[in-house]
Amino acid sequence: MLYGSIEAGGTKFVCAVGNEALEIVERVSFPTTVPEETMALVIEFFNKHKEELVAIGVGSFGPIDIHQDSETYGYITSTPKLAWQNYDFVGTLKAAFNLPVAWTTDVNAAAYGEYVFGNGKGLSSVVYYTIGTGVGGGALQDGRFVEGFSHPEMGHMLVVPHPDDKFEGSCPFHGNCLEGMAAGPAVEKRNGRKGQDIPEDDPFWEIEAYYIAQCAYNTTLMLSPDVIIFGGGVMKQRHMVEKVHQAFTKLLNGYVKTPELDKYIVTPALEDNAGTLGCLALARNAELHGH
């Protein structure tokens, strides 16, 4: 018996199968191009395991339609990736494999991976952000995703510009939202080079940490979670967590007492496996509940 996982990212798709213990058995990745091309590769990969495959979990870039009673449930909706706008993702999978499919956002899937196996294990309230090409956020309360008319778009919360930052933001919708100020492309646009090429002692990192700390501050006051996990390429800079802790402490100014910071604002225990493991765990749930 195998579970399938699809991490559908804006840059690449990562497909995997896992066994009953949710251990990854095989994993492949390919660039995100147009649906016909990319989905043909997805289907080809899972066809190899068709006999044993029992369910598939998908974490997709968005926005996506998550309402099971909606006519466009399982669709990628108003994405800036034009070829994928209004694309029936779940319908395409169901047509190829008549199996239960779990469907959520890429960042919800990573949040779920950390909740089941990582830094959210055993906690009732977990918030996960990815700070990379874009910024996305997902929250879990007692094992259920926090969502209403749609899934959260926490990456677009507004942030207050740092006094030394003259950058106006790169989000075409909101300018100086968190994504517009702190995602990878904003870092590169502002500095003329990618984050991994900026030295650790560059004063820019204090500015970056200020925005991520504002995100942690807003999240703390809105949701009071047990843990806030920051993943994504930007957080691979090991010095960032400490800088975020310092900026967060200043912003919060003793207003509420949070758990110890080195357990409260953390990076993912699963590193780059959070999304894949989350999708496998969601596939297992879908198989149990027959969605």
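In case you missed it, the structure is sitting above this.
Quick caveat: nothing in here was measured; it's all calculated off a predicted structure.

J.: Residues and numbers for the overall build of the protein, please.
T.: Secondary structure summary: the protein contains 9 helices and 12 strands in total. Computed over the C-alpha atoms, the radius of gyration of the protein is 19 Å, within 12% of the 19 Å expected from 2.2 N^0.38 for a compact globule of 291 residues. C-alpha extents for the protein along the principal axes are approximately 55 × 40 × 35 Å. Here the protein holds 291 residues, and 51% of them are scored as buried. Nonlocal contacts in the protein, meaning residues at least 24 apart in sequence, comprise 62% of its contacts between residues at least 6 apart. For the protein, the exposed area adds up to about 13,600 Å²; of that, 51% sits on carbon and sulfur atoms. Charged side chains in the protein number 20 positive and 36 negative. The centres of these two groups are separated by 4 Å.

J.: Could you give an account of unusual backbone geometry, naming the residues involved and the relevant values?
T.: Note that the residue after glycine 62, namely proline 63, is joined by a cis bond; omega there is 0°. The backbone of aspartate 142 sits at a positive phi, close to 50°, despite the residue not being glycine. Structurally, aspartate 142 is set in the loop between strand E9 (135–141) and strand E10 (144–145). A positive phi angle, close to 55°, is found at asparagine 253, a residue other than glycine. Mapped onto the elements, asparagine 253 comes out in the loop between helix H7 (240–252) and helix H8 (261–264).

J.: Give a description of the side chain of threonine 105 that names residues and reports values.
T.: Tracing the backbone through its elements, the reader meets threonine 105 in strand E7 (residues 101–105). Residue classification places threonine 105 among the buried residues on the basis of a relative accessible area of 5%. Reaching out from threonine 105, the side chain makes a polar contact with the backbone nitrogen of asparagine 108 at a distance of 3.0 Å.

J.: How would you sum up the sheet that holds strand E12 (residues 265–266)? Please name residues and give values.
T.: A sheet is described by the order of its strands in space; here 5 strands give the open sequence E10-E9-E8-E11-E12, paired in mixed fashion. Looking at which strands have only one partner, the edges of the open sheet turn out to be E10 and E12. By the bridge criterion, 2 bridges tie E9 to E10 in an arrangement that is antiparallel. Residue glutamine 141 lies in a different strand from E10, and its bridge partner there is arginine 144.

J.: I'd like a rundown of helix H5 (residues 184–191), residues and numbers included.
T.: Listed in full, the buried residues belonging to H5 are Ala186, Val187 and Arg190. One side of H5 carries all its buried residues, which in axial view fall inside an arc of 100°. Residues of H5 that are buried in the fold lie against helix H4 (178–182) and helix H6 (204–223). Of the residues flanking the end of H5, it is glycine 192, one or two places downstream, whose phi is positive at about 70°.

J.: If you had to explain the side chain of serine 60 to someone new, which residues and values would you point to?
T.: Checked against the element boundaries, serine 60 lands in strand E4 (residues 53–60). Classification of serine 60 by relative accessible area gives buried; the value is 0%. Beyond its immediate stretch of four places on either side in the chain, serine 60 contacts Ala8, Ile76, Trp103, Thr104, Thr105 and Asp106.

J.: An account of the packing of H6 against H7 is needed here, citing residue identities and associated values.
T.: For the pair H6 and H7, interaxial distance at closest approach is 8 Å and the crossing angle is 55°. The angle between H6 and H7 places the two elements in the oblique class. The two elements H6 and H7 cross, and the hand of that crossing is right-handed. Counting all contacts with H6, which are made through Trp205, Glu206, Glu208, Ala209, Tyr210, Ile212, Ala213, Gln214, Ala216, Tyr217, Thr220 and Leu221, the residues of H7 involved are Met240, Lys243, Val244, Ala247, Phe248, Leu251 and Leu252. Across the contact of H6 with H7, the residue classes break down as 14 nonpolar, 2 polar and 3 charged.

J.: Before we move on, can you summarise the pattern of salt bridges with the specific residues and values?
T.: Applying the stated rule across the entire model yields 7 salt bridges. The residue aspartate 272 makes a salt bridge to lysine 236 at a minimum N-O spacing of 2.9 Å. Taken together, the residues span a long stretch of sequence, with aspartate 272 in the loop between E12 and helix H9 (274–289) and lysine 236 in the loop between strand E11 (227–231) and H7 at a distance of 36 residues. Residue aspartate 272 is classed as exposed on the basis of its relative accessible area of 53%. For arginine 238, the salt bridge identified is with glutamate 271, shortest N-O distance 3.4 Å. Within this pair, whereas arginine 238 is found in the loop between E11 and H7, its partner glutamate 271 is found in the loop between E12 and H9, the two being separated by 33 residues in sequence.

The rules behind the values
Residues numbered from 1 in each chain as written. Predicted model: local features only at pLDDT ≥ 70, side-chain atom pairs only at ≥ 80, totals over all residues. Heavy atoms only, no water. Helix = DSSP H or I, 4+ residues; strand = E, 2+ residues; numbered from the N terminus. Rg over C-alpha atoms; globule rule 2.2 N^0.38 Å. Buried < 20%, exposed > 50% of the residue type's maximum accessible area, 1.4 Å probe, protein only. Contact = heavy atoms within 4.5 Å. Areas by Shrake-Rupley, 256 points an atom, 1.4 Å probe, with all protein chains shown as cover. Lys, Arg positive; Asp, Glu negative; His and termini not counted. Charge placed at Lys NZ, Arg CZ, Asp CG, Glu CD. Polar contact = N/O pair within 3.5 Å; in protein donor to acceptor, adjacent residues only side chain to side chain. Pairing = 2+ DSSP bridges. Arc of directions from axis to C-beta. Axes fitted to C-alpha atoms, helices over the stretch in contact; angles between N-to-C directions. Parallel < 35°, antiparallel > 145°, perpendicular 65-115°, else oblique. Left-handed = near helix turned anticlockwise from the far one by under 90°. Nonpolar A, V, L, I, M, F, W, Y, C, P; charged D, E, K, R; others polar. Salt bridge = Lys/Arg side-chain N within 4 Å of Asp/Glu carboxyl O.

By themselves these figures say nothing about function.
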